[in-house]
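Structure assessment
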Amino acid sequence: MTGARFRPLTAGDLPGLRWAGSPTLLRALRADLGRGADVEHLAAVVDGAVRGFGAVDLVVQPGRGALFGLVVHPAHRSRGLGTALVRALEERARARGARGAVLEVEVDNPRALALYERLGYRRAGTTVASWTAERPDGTTYEHRARCRVLRRPLL
Ligand SMILES: CC(C)(COP(=O)(O)OP(=O)(O)OC[C@H]1O[C@@H](n2cnc3c(N)ncnc32)[C@H](O)[C@@H]1OP(=O)(O)O)[C@@H](O)C(=O)NCCC(=O)NCCS
């Protein structure tokens, strides 16, 4: 039991999410929250505070919910919150008619890979993903990462 409650993540949550990453990441998250019904963002709330969040894109892959942007507060990891978040996002995808779930995990993130494989995800190749990242001095750069593609049926 994680004691977590799940609800939609909103722009009003962003000021409380500095633990999750750089201002650049939070700006990207704010932009993504404006995409409307194509993507659902969920907040995992523990004792009244957002301690984890993630999203599922319902349009990028026909018939599949594409999970992305999962983060759990460092002080709340290894308690099942990541697991509960994945299951809650899968449930949203299922409710919207998806027959499968897909996600990408960087090849050098063995902890996340182990979590997803434990949850029934299977390897389905590799891809290169890129996104804007931020250096400690605040300058940004385009980060490119080799990722494993993982899939799981939802029916
Ligand atoms: C990946 C991530 C989301 C996992 O979140 P989490 O809340 O730690 O995940 P869980 O607790 O469900 O499962 C992870 C671990 O907890 C253990 N665990 C699960 N439930 C548990 C419980 N009730 N009690 C104790 N341990 C538990 C699992 O066995 C697993 O073992 P590990 O600690 O050796 O890894 C988190 O580590 C994170 O935010 N990482 C940084 C961002 C990131 O890499 N995101 C993924 C991008 S694809």
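Residues numbered from 1 in each chain as written. Predicted model: local features only at pLDDT ≥ 70, side-chain atom pairs only at ≥ 80, totals over all residues. Heavy atoms only, no water.

When a protein is soluble and globular, its nonpolar side chains tend to lie buried together. Core analysis: the biggest nonpolar cluster contains 25 residues, and Leu67, Tyr116, Tyr121 and Leu150 have the highest contact counts within it. Every element with two or more residues in this core is listed here: β2 (39–46), β3 (49–61), β4 (64–72), α2 (81–95), β5 (100–106) and α3 (110–118). In terms of residue count, the dominant contributor to this core is α2 (six residues). If near-sequence neighbours (up to four positions away) are discounted, Tyr121 is found in contact with Leu67, Val86, Glu90, Ala101, Leu103, Tyr116, Leu150, Arg151 and Arg152. Listed in part, the 11 residues of the second largest apolar core include Leu17, Ala20, Ala43 and Val50. (Core = buried A, V, L, I, M, F, W, Y, C linked by side-chain atoms within 4.5 Å. Buried < 20%, exposed > 50% of the residue type's maximum accessible area, 1.4 Å probe, protein only. Helix = DSSP H or I, 4+ residues; strand = E, 2+ residues; numbered from the N terminus. Contact = heavy atoms within 4.5 Å.)

Right, let's get into the sheet that holds β3. Sheets are built from strands that pair by backbone hydrogen bonding, the pairs being arranged parallel or antiparallel. Here seven strands make up an open sheet; going across it, the order is β1-β2-β3-β4-β5-β7-β6 and the pairing mixed. Of all strands in the sheet, those bounded by a partner on one side alone are β1 (5–8) and β6 (122–134). With direction set aside, neighbouring strand axes in the sheet form an average angle of 30°. Where β6 and strand β7 (residues 140–153) come together, 11 bridges link them in antiparallel fashion. Bridge pairing in β7 places Thr132 opposite Glu142. Packing against the sheet, α2 makes contact with β1, β2, β3, β4, β5 and β7, and its axis sits at approximately 155° to β4. (Pairing = 2+ DSSP bridges. Axes fitted to C-alpha atoms, helices over the stretch in contact; angles between N-to-C directions.)

This paragraph deals with the UniProt feature "domain: N-acetyltransferase" (unreviewed entry) in the protein. Listed under "domain: N-acetyltransferase" (unreviewed entry) in the UniProt record, and renumbered for this structure, are residues 4–146. Within the segment residues 4–146, helix and strand shares are 24% and 43% respectively, and the terminal C-alpha atoms sit 32 Å apart. (UniProt positions renumbered as here; feature names shortened; annotations may be inferred.)

Turning next to α3. Residues Ala112, Leu113, Leu115 and Tyr116 constitute the buried set of α3. Looking straight down α3, one finds its buried side chains confined to an arc of 160°; they lie on one side. Turned more than 90 degrees away from the buried face of α3 sit Pro110 and Arg118, all of them exposed. Note on α3: the residue one or two positions beyond its end, Gly120, has a positive phi of about 100°. (Arc of directions from axis to C-beta.)

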